Amino acid sequence: MSAEKERIFRALKDVVQIPGNGICADCGLPEPEWASTTLGIFICLNCSGIHRNIPDVSIIKSLLLDPWNDSQIQHMASLGNEAAKRKYEAFVPAYYYVPTYRDCQVLLEQWIRSKYERKDFIVENKPLAYATGYREGFLWKRGRDNGQFLNRKFILTEGDGILKYFTKTDAKVPKAMIKVDNVNATFQPIKIGNPNGLQLMYLKDNSTRNIFLYHDEGKVSHRVIPQRLGLFGPSGHHPPASCVPRNKVRAGPTSPCSSGSLVLAASWKIRNDAYARGEVFIGSSDNGYAVKEGLPPGTPAGGSWQHGITIVTPDRDFPFICETERDRQEWMSVFNGVMVQQMSPQEYTVEAYFKHRR
Ligand SMILES: [Zn+2]
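So, here's what we can say about the structure. Keep in mind the model is a prediction, meaning the values are calculated, not measured. (Residues numbered from 1 in each chain as written. Predicted model: local features only at pLDDT ≥ 70, side-chain atom pairs only at ≥ 80, totals over all residues. Heavy atoms only, no water.)

## Things to note about the nonpolar core
In summary, soluble globular proteins display a tendency toward joint burial of nonpolar side chains.
Then step 1. If you look at the biggest cluster of nonpolar residues, it comprises 20 residues, and the most contacted ones within it are Ile41, Ile43, Cys47, Ile112 and Tyr116.
Then step 2. Taken together, the elements giving at least two residues each to this core come down to strand 2 (41-43), helix 2 (45-52), helix 4 (81-88) and helix 5 (105-117).
Then step 3. Ranked by residue count, the leading element in this core is helix 5, at four residues.
Then step 4. Excluding its chain neighbours within four sequence positions, the residues that come into contact with Ile112 are Asp26, Cys47, Ile50, His51, Ile54 and Glu117. (Core = buried A, V, L, I, M, F, W, Y, C linked by side-chain atoms within 4.5 Å. Buried < 20%, exposed > 50% of the residue type's maximum accessible area, 1.4 Å probe, protein only. Helix = DSSP H or I, 4+ residues; strand = E, 2+ residues; numbered from the N terminus. Contact = heavy atoms within 4.5 Å.)

## Some details on the coordination of the zinc ion
Then step 1. The protein atoms that coordinate the zinc ion are Cys24 (SG), Cys27 (SG), Cys44 (SG) and Cys47 (SG), at distances spanning 2.2 to 2.3 Å.
Then step 2. Considering all four donor atoms around the zinc ion, angles at the metal cover 105 to 116° and the coordination shape is tetrahedral.
Then step 3. Mapped onto the polypeptide sequence, the residues donating to the zinc ion form the spacing pattern C-x2-C-x16-C-x2-C. One end of the pair, Cys24, is in the loop between helix 1 (3-16) and strand 1 (34-36); the other, Cys47, is in helix 2, with 23 residues separating them in the sequence. Of the two residues examined, Cys24 and Cys47, each falls in the buried class. (Donors = N, O, S within 2.8 Å, 3.2 Å for Na, K, Ca; no water. Tetrahedral: all angles 85-135°; square planar, octahedral: opposite > 155°, others 65-115°.)

## Let's talk about the pairing of strand 6 (residues 162-166)
Then step 1. Where burial is concerned, most of strand 6 is hidden: five out of the five residues are buried.
Then step 2. Side chains Ile162, Lys164 and Phe166 project from strand 6 onto one buried face, and the interleaved Leu163 and Tyr165 project onto a second face that is buried too.
Then step 3. The sheet contact formed by strand 5 (residues 149-157) and strand 6 spans five bridges and is antiparallel. Its bridge partner lying in strand 6, Leu156 is registered against Leu163.
Then step 4. Sheet topology note: the strand 6/strand 7 (residues 176-179) ladder contains four bridges and is antiparallel. Within the sheet, the bridge partner assigned to Ile162 lies in strand 7 and is Lys179. (Pairing = 2+ DSSP bridges.)

## Details of the pattern of salt bridges
Then step 1. Inspection of every chain in the model, using the stated rule, returns 11 salt bridges.
Then step 2. The closest approach of N and O atoms between Glu4 and Arg7, which form a salt bridge, is 3.0 Å. Linking Glu4 with Arg7, this pair stays in helix 1, spanning three residues, or about one helical turn.
Then step 3. Linking Lys115 and Glu89 is a salt bridge whose minimum nitrogen-to-oxygen distance equals 2.7 Å. Separated by 26 residues along the polypeptide, Lys115 in helix 5 and Glu89 in the loop between helix 4 and helix 5 bring together distant segments of the chain.
Then step 4. Residue class for Glu89 comes out buried when judged on its relative accessible area of 17%.
Then step 5. One network of salt bridges, in which partners are shared, links Asp26, Lys85, Glu89 and Lys115. (Salt bridge = Lys/Arg side-chain N within 4 Å of Asp/Glu carboxyl O.)

## Some thoughts on the sheet that holds strand 16 (residues 317-321)
Then step 1. Overall, antiparallel pairing links the three strands, which are arranged 14-15-16 in an open sheet. Pairing within the sheet leaves two strands with one partner each, and these edge strands are strand 14 (290-293) and strand 16. With strand direction ignored, the average angle separating the axes of adjacent strands in the sheet is 25°.
Then step 2. Judged from the four bridges that link them, strand 14 and strand 15 (residues 308-312) form a sheet pairing that is antiparallel. (Axes fitted to C-alpha atoms, helices over the stretch in contact; angles between N-to-C directions.)

## A short note on the packing of helix 2 against helix 5
Then step 1. Put simply, helix 2 and helix 5 touch, their axes get as near as 10 Å, and they point 55° apart. For the element pair helix 2 / helix 5, the angle class is oblique. For helix 2 against helix 5, the interelement crossing comes out right-handed. Across the interface between the two elements, Asn46, Cys47, Ile50 and His51 of helix 2 pack against Gln105, Leu108, Glu109, Ile112 and Tyr116 of helix 5.
Then step 2. Classifying every residue of the contact of helix 2 with helix 5 gives five nonpolar, three polar and one charged. (Parallel < 35°, antiparallel > 145°, perpendicular 65-115°, else oblique. Left-handed = near helix turned anticlockwise from the far one by under 90°. Nonpolar A, V, L, I, M, F, W, Y, C, P; charged D, E, K, R; others polar.)

Here's what the structure looks like:
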């Protein structure tokens, strides 16, 4: 390497060493090797690919392969990941799921486009692209009793953040009103048997409810069901099956599942049941809730029982089994993430309801 090349390389390395620049500005992956020279951020290979498709937003350069000069390096030094975060992520709404490098491409692209292309988060309460007033459309909803899918009208109103559906097209009174902030949505193509299968999980009368939906064309359901659920890209991609925001919802065969800040662990009698067989209110660790690895004493050990979790509540302990150790670790972190949060007044009400019901 020539002395000049060496000098440039060191100068660039110094900028990468500035706090914040050592992880990808968009997904948090350590040691990014790419940069958006327009935005002045350091990003990983994967995110650089997304930026490359938005040339109005980003010109992409490799830290290692492309030539750099002093003024370009100076430009990067004057901006950087921390500054970009302060600007472009200033007002990310609490309900917005911020993806990481563990998440799928669709979520990352949605996040990057939202941040830099639409500048959704630079001012407070910007009406987001998906939240333009009123949306209406038809989706196939699984019937509660016979499991057949029925065509149902869905309406989303942005102002009140409510998703309604109707059993009859001309009905005035909705069959259900679902508060979007309380909804967890996961792609469930296999469970539902359709590539656009979607499971919505929400609280109704302090109990967890599931509805199962699909649309023949993913695009349409993307328009009807809001991005606010943390799942959909703006352009109607078919998301892969694994595309589930990890810390927002977990629903597995052992099936504790979380529902926003208010988390219920439920175990489902049948995989596609609309109602939970049992539910556990997950409160704050300050109020006597805890999660422990392993099962309570006296339960069988070994075999399929080895990845156990015990949820401790003030009243009793609830054992759960996970399929794999990885599942167990993810569940533990979901539960811990909920338990460190203070309980809201509304959550105290739900807790009381649970105690009373027993
Ligand atoms: Zn990245």
